[in-house]
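The chain contents come next:
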Amino acid sequence: MKIRVRFAPSPTGPLHIGGLRTALINYLYARKNNGVFILRVEDTDLNRYVKGSENYIRDALRWCGMTPDEGPETGGPKGPYRQSERRDIYKKHIDRLISSGAAYYAFDLPNELSDARLNAEKKGETFRYCSKNRLKFKNSLTFDESETKKALEEDHVIRLKIEPGKEVRVFDEIRGYISVSTNLLDDKILMKSDGMPTYHFANVVDDKLMKISTVIRGEEWLPSLPLHKLIYDAFGWETPKFMHLPLILKPKGKGKLSKRDGYEEGYPVFPLQWDKNTFGFREMGFLAEAMINYLSLLGWNRGNDEELFSLKELEKIFNAKGIQKGGARFDYEKALWINHQHIARTNTK
Ligand code: GLU
């Protein structure tokens, strides 16, 4: 099977080095396996869209020398590669799930749902719109045909109808099997009231239609994996392989490396400058190759103590078996040391 991987950022601001590390692992996996590296822009969340981010992502990938084989600029056989340009595709696919009964329309108003949420909280329960209570709400399961037709003229969403009492089991190449009971899941929204798909729905449809063989992304998406599996199942589709990369942790203490850590401690967490307050590795005097080398070591190793690699070398030696499960601590001193080594190498060439 042809290896096809995708880097699928959302244009919600500058690309954090965690995102760039995901791009790098996808890129290396594609190059090592004679595969295809795809850039897909996930811009369906209109509220979080930040102008200029897509250009930033493109410039960052270009600076690093990771040119996509298919993407919004390059084009390719499975385009368009910007989700906002794929609305008719999502519409066609959601109609399939509505017809098969795997999804349903829901007409509840935001205040009705927040009341239901508050009531549940008062009883110390977590509110979930699911098999237990969906027949108490306004949706195409409780409305007759003419009521549904009328309600469709107003704002509405489309939800996945999740059957209770089942175990969803999915395999992750790094973590092994994960499994969750459908009793713990809610009937997630697949299409929003603005007519845009949610991340989950668009992501699954696109991975399928773009023939993605392996989904490589950050660990923060692991909790969504059972839901994604249920969407694949609803269509009767096989899932691709999945690899969830370990988080990049703060240099000290608990939690993920954040933008704030960079501001407070004076080190970059972005590849390039974004605005006057956000400097990048490039502006701090890093060679792209050194930054890439450092990022490759965040959660991966070659199986020995070698640590200095050019991008071309990484393309040859990369092996996904070297990806670790545990989070990788960000260490700016080490990044500086690696940069120093690369500069010394360049000077002696
Ligand atoms: N758009 C998601 C993000 O920006 C992509 C997650 C995925 O790769 O599935 O993190």
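Residues numbered from 1 in each chain as written. Predicted model: local features only at pLDDT ≥ 70, side-chain atom pairs only at ≥ 80, totals over all residues. Heavy atoms only, no water.

What should I look at first to understand the sheet that holds strand β3 (residues 103-106) in this one?
Across a sheet, paired strands are connected by hydrogen bonds in the backbone, their directions being either parallel or antiparallel. The strand order across the open sheet built from three strands is β3-β4-β7, with neighbouring strands paired in antiparallel fashion. Every interior strand has two partners, whereas the edge strands, β3 and β7 (189-191), have only one. The sheet shows a mean angle of 45° between the axes of neighbouring strands, taken without regard to direction. In this sheet, β7 lies alongside strand β4 (residues 157-160) in antiparallel orientation, the contact comprising two bridges. Pairing of Ile-158 across the sheet is with Met-191, part of β7. (Pairing = 2+ DSSP bridges. Helix = DSSP H or I, 4+ residues; strand = E, 2+ residues; numbered from the N terminus. Axes fitted to C-alpha atoms, helices over the stretch in contact; angles between N-to-C directions.)

For this particular structure, what's the right way to read the side chain of Ser-181?
Mapped onto the fold, Ser-181 is located in strand β6 (residues 176-181). Here Asn-183 takes part through its backbone nitrogen, which lies 3.0 Å from a polar atom of the side chain of Ser-181. In contact with Ser-181, other than residues within four places in its own chain, are Lys-166 and Glu-167. (Polar contact = N/O pair within 3.5 Å; in protein donor to acceptor, adjacent residues only side chain to side chain. Contact = heavy atoms within 4.5 Å.)

Where do I start with the pattern of salt bridges in this structure?
Opposite charge on two side chains allows them to pair when their charged atoms are near. Tallied over the full model, the rule gives 25 salt bridges. The salt bridge partner of Lys-91 is Asp-95, with a shortest N-O separation of 2.8 Å. One end of the pair, Lys-91, and the other, Asp-95, are both in helix α3 (residues 87-100), four residues apart, so they sit about a helical turn from each other. Residue Glu-307 pairs with Lys-334 through a salt bridge whose shortest N-O separation is 2.5 Å. Highlighted residues: Glu-307 in the loop between α9 (288-296) and α10 (311-317) and Lys-334 in helix α11 (residues 332-348), separated in sequence by 27 residues. (Salt bridge = Lys/Arg side-chain N within 4 Å of Asp/Glu carboxyl O.)

When you look at the packing of aromatic side chains in this model, what are you seeing that I'm missing?
The geometry of an aromatic ring pair is captured by two quantities: the separation of the ring centres and the angle between the planes. For the structure on display, the rule yields 20 aromatic pairs. Here Tyr-267 and Phe-330 contribute two aromatic rings whose centre-to-centre distance is 5.1 Å and whose plane-to-plane angle is 40°, an arrangement assigned as tilted. In this pair, Tyr-267 sits in the loop between α8 (259-265) and α9 while Phe-330 sits in the loop between β11 (328-329) and α11, placing the two residues 63 residues apart along the sequence. For the pair Tyr-267 and Phe-330, a shared accessibility class is recorded, and that class is buried. With a centroid separation of 5.8 Å and 75° between ring planes, the pair formed by Tyr-294 and Phe-330 is classed as edge-to-face. Taken together, the residues span a long stretch of sequence, with Tyr-294 in helix α9 and Phe-330 in the loop between β11 and α11 at a distance of 36 residues. Classification of Tyr-294 by relative accessible area gives buried; the value is 4%. The class for Phe-330 is buried, based on a relative accessible area of 2%. Among the aromatic side chains, those forming a connected cluster through ring pairs are Tyr-267, Phe-281, Phe-286, Tyr-294, Phe-330 and Tyr-332. In this structure, Arg-159 packs its charged tip against the face of Tyr-129, placed 3.7 Å from the ring centre. Looking at Arg-282, its charged tip hangs above the ring of Trp-63, at a distance of 5.9 Å from the centre. (Phe/Tyr/Trp six-rings, centres within 6.5 Å; stacked < 30°, edge-to-face > 60°. Buried < 20%, exposed > 50% of the residue type's maximum accessible area, 1.4 Å probe, protein only. Lys NZ or Arg CZ within 6 Å of the ring centre and 35° of its normal.)

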